[in-house]
Amino acid sequence: IGPGLALFDFSLNKNIRVTESKRFQFRTEIFNLFNHPNFRIPSTTLFSNNGARNVQAGRVNTTRTSARQIQFGLKFVF
């Protein structure tokens, strides 16, 4: 059993009317808003194929998810 997964994604949209039927939509999307690290399960390989002890056993070397990412978008709706 490994650590849990905690993600919080957030999005903001702003519609700007140009005419009655046309508009711009500005979007901001933030993934992993609080930048919470989600660690992988530790390595469980105790010995290598030739019988030598694995020095990486029980260590957490990476995360399951990426760091905070922010993207912007502008869309013209007609």
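Note that the structure is predicted; figures quoted are calculated from it, not measured.

## Remarks on the pairing of strand 1 (residues 10-17)
Moving on, step 1. Of the strand pairs in this sheet, strand 1 and strand 2 (residues 23-31) are connected by 8 bridges, and their pairing is antiparallel. Paired with Asn13 across the strands is Arg27, a residue of strand 2.

## So, the pattern of salt bridges
Moving on, step 1. Under the defined criterion, the tally for this structure stands at 1 salt bridge.
Moving on, step 2. Where Glu29 meets Arg27, a salt bridge forms, and the shortest distance between an N and an O atom there is 2.7 Å.
Moving on, step 3. For Arg27, a relative accessible area of 26% gives the class partly exposed.

The rules we used
Residues numbered from 1 in each chain as written. Predicted model: local features only at pLDDT ≥ 70, side-chain atom pairs only at ≥ 80, totals over all residues. Heavy atoms only, no water. Pairing = 2+ DSSP bridges. Helix = DSSP H or I, 4+ residues; strand = E, 2+ residues; numbered from the N terminus. Salt bridge = Lys/Arg side-chain N within 4 Å of Asp/Glu carboxyl O. Buried < 20%, exposed > 50% of the residue type's maximum accessible area, 1.4 Å probe, protein only.

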